[in-house]
Amino acid sequence: MTDCGYLFQHQGLLRQTNSRSPYSHAVLVDHGLMRLNECAEVKETIGKHLGIDLTVVDASERFMAGLAGVTDPEKKRKFIGNTL
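So, here is what we can say about the structure in this document. Residue indices follow the written sequence of each chain, beginning from 1 at its first position. Under the rules for a predicted model, residues below a pLDDT of 70 receive no local features and side-chain atom pairs below 80 are neither given nor counted, while totals for whole chains, interfaces and linings still include all residues. No hydrogens and no water enter the side-chain calculation; it runs on all heavy atoms of the structure.

1. Observations regarding the overall build of the chain
Just so we agree on the cut-off: Strands here mean DSSP runs of E at least two residues long; helices mean DSSP runs of H or I at least four residues long; both are numbered from the N terminus. Only protein chains enter the accessibility calculation, which uses a 1.4 Å probe; a residue is then buried when its area is under 20% of its type maximum, exposed when over 50%, and partly exposed in between. Should any heavy atoms of two residues lie within 4.5 Å, those residues are counted as being in contact. Only the protein chains shown count as cover for residues, and all accessible areas are computed by the Shrake-Rupley method using a 1.4 Å probe.
When its secondary structure is counted, the chain shows 5 helices and 2 strands. Taken from the N to the C terminus, the helices and strands of the chain come in the order α-α-β-α-β-α-α. In the chain, buried positions account for 25% of the 84 residues. Of all intrachain contacts in the chain linking residues separated by at least 6 positions in sequence, the fraction that spans at least 24 positions is 67%. Accessible area of the chain: about 6000 Å², with a carbon and sulfur share of 53%.

Structure follows, in structure tokens:
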């Protein structure tokens, strides 16, 4: 499932905590492992269909540098989880 699909499954929660609330802000972290143009498409779709101003943070260099040379899946998983 794409990130966008996941967000649409939880659109009720997103509407309750949208970026117009002073207590929350929607953020998508671009870790460099998504499909080409997927972050831009997710941002556009979420804005268009849910009215949420999604902020996209480009952290791809940080993720790619941290994952460079790591071959053990468990170490990759832990790095990604700790970095997010």
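Past the structure itself, the notes keep going.
2. Overview of unusual backbone geometry
Excluding glycine, most residues fall at negative phi; most peptide bonds, likewise, are trans. A positive phi angle, near 65 degrees, is found at N37, a position not held by glycine. Checked against the element boundaries, N37 lands in the loop between β1 (27–30) and α3 (38–50).

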